[in-house]
Amino acid sequence: MVELFSYNWQIREEWFDWCREINQEELTKERIGGMGSILKNLFHVADCEQIWMNQLQGKPVMKKDFHTISSLDEVIEFSETTRQQTESFLSLWTSSYGKKEFNMTSRSGRTYNFTYKKVMQHVVTHEIHHIGQLSVWAREIGKKPVSSDFIFR
């Protein structure tokens, strides 16, 4: 599990570097799909990571409105905080954690039960999904996207 989170963090860092070469207007421009902009997509993946990790640990979720995020530095700072918290949780991970049950109730009142392993897999694949959206947007503005090749990294 740690390897896949590390992969996502590496890709995220490379996207942050990529973003440093893009003007603010392109980073915040409203786009079709994903979370609506490059910055919002990057914030969203870190936010979802912290929401799930904090819920699994029974800790309070950090409340941050992505509509108030206006700079790359804000997203990077939030991502770093999230990563540190996730790394701390992963350092305690054992195979028995994977079998542990997480119960939640949706806003509509529906109850769900997932294993911790399933939640962790969701967090990893969720980020990969949104990184794909960034790749499409990069090509739309004529820039080469970050390579997300897992094997040849």
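Refer to the structure presented above.
For the structure given in this document, a descriptive report is provided here. All of these numbers come straight from a predicted model, not from anything done at the bench.

Conventions and cut-offs
- Residues numbered from 1 in each chain as written.
- Predicted model: local features only at pLDDT ≥ 70, side-chain atom pairs only at ≥ 80, totals over all residues.
- Heavy atoms only, no water.
- Helix = DSSP H or I, 4+ residues; strand = E, 2+ residues; numbered from the N terminus.
- Buried < 20%, exposed > 50% of the residue type's maximum accessible area, 1.4 Å probe, protein only.
- Contact = heavy atoms within 4.5 Å.
- Salt bridge = Lys/Arg side-chain N within 4 Å of Asp/Glu carboxyl O.
- Axes fitted to C-alpha atoms, helices over the stretch in contact; angles between N-to-C directions.
- Parallel < 35°, antiparallel > 145°, perpendicular 65-115°, else oblique.
- Left-handed = near helix turned anticlockwise from the far one by under 90°.
- Nonpolar A, V, L, I, M, F, W, Y, C, P; charged D, E, K, R; others polar.
- Phe/Tyr/Trp six-rings, centres within 6.5 Å; stacked < 30°, edge-to-face > 60°.
- Patch = residues over 30% accessible without salt bridge, like charges linked within 9 Å, V, L, I, M, F, W, Y side chains within 5 Å.
- Areas by Shrake-Rupley, 256 points an atom, 1.4 Å probe, with all protein chains shown as cover.

## Here's the deal with the environment of tyrosine 97
For step 1, the next point in the chain: Tracing the chain through its elements places tyrosine 97 in helix α5 (residues 95-99).
For step 2, the next point in the chain: Residue tyrosine 97 is classed as partly exposed on the basis of its relative accessible area of 23%.
For step 3, the next point in the chain: C-alpha separation for the pair tyrosine 97 and threonine 111, spaced 14 residues apart in sequence, amounts to 21 Å.
For step 4, the next point in the chain: Those residues in contact with tyrosine 97 that lie beyond four places of it in its chain are Phe89, Leu92 and Tyr116.

## Considering the pattern of salt bridges
For step 1, the next point in the chain: A complete count under the given rule lists seven salt bridges for this structure.
For step 2, the next point in the chain: A salt bridge links glutamate 127 to arginine 12, with the shortest nitrogen-to-oxygen separation between them at 2.7 Å. Taken together, the positions of glutamate 127 in helix α6 (residues 116-140) and arginine 12 in helix α1 (residues 2-19) put the pair 115 residues apart, joining distant regions of the chain. The same class applies to glutamate 127 as to arginine 12, namely buried.
For step 3, the next point in the chain: For the salt bridge of arginine 31 with glutamate 26, the shortest nitrogen-to-oxygen distance reads 2.5 Å.

## Some words on the packing of α1 against α6
For step 1, the next point in the chain: Where α1 contacts α6, the axes come no closer than 10 Å and their chain directions differ by 25°. Relative to α6, α1 is oriented roughly parallel. Handedness of the α1/α6 crossing: left-handed. In this structure, α1 uses Leu4, Phe5, Tyr7, Asn8, Ile11, Arg12, Trp15 and Trp18 to contact α6, whose residues at the interface are Met120, Val123, Val124, Glu127, Ile128, Ile131, Leu134, Ser135 and Ala138.
For step 2, the next point in the chain: Here the residues of the contact of α1 with α6 sort into 13 nonpolar, two polar and two charged.

## Details of the packing of aromatic side chains
Geometry of an aromatic ring pair is reported as the spacing of the ring centres plus the angle between the planes.
For step 1, the next point in the chain: If you walk through the whole model with that rule in mind, you get eleven aromatic pairs.
For step 2, the next point in the chain: Measuring from ring centre to ring centre gives 5.8 Å for phenylalanine 5 and tryptophan 9, while their planes differ by 50°; the resulting arrangement is tilted. With phenylalanine 5 and tryptophan 9 both in helix α1, this residue pair falls four residues apart, about one helical turn.
For step 3, the next point in the chain: A relative accessible area of 1% means that phenylalanine 5 is categorised as buried.
For step 4, the next point in the chain: Seen in terms of ring centroids, tyrosine 97 and tyrosine 116 are 6.2 Å apart; in terms of plane orientation they differ by 35°. Their pairing is tilted. Of this pair, tyrosine 97 sits in helix α5 while tyrosine 116 sits in helix α6, and the two are 19 residues apart along the sequence.
For step 5, the next point in the chain: Residue classification places tyrosine 116 among the buried residues on the basis of a relative accessible area of 5%.
For step 6, the next point in the chain: In textbook terms, an aromatic cluster arises when at least three aromatic residues are bridged by ring pairs, as seen for Trp52, Phe89, Trp93, Tyr97, Phe102 and Tyr116.

## Observations concerning a nonpolar patch on the surface
For step 1, the next point in the chain: There is a patch of nonpolar side chains on the surface, built from Leu4, Phe150, Ile151 and Phe152 and spanning about 470 Å² of accessible area.
For step 2, the next point in the chain: Along the chain, the position of phenylalanine 152 falls in the segment after α6.
For step 3, the next point in the chain: The exposure class assigned to phenylalanine 152 is exposed, which follows from its relative accessible area of 74%.

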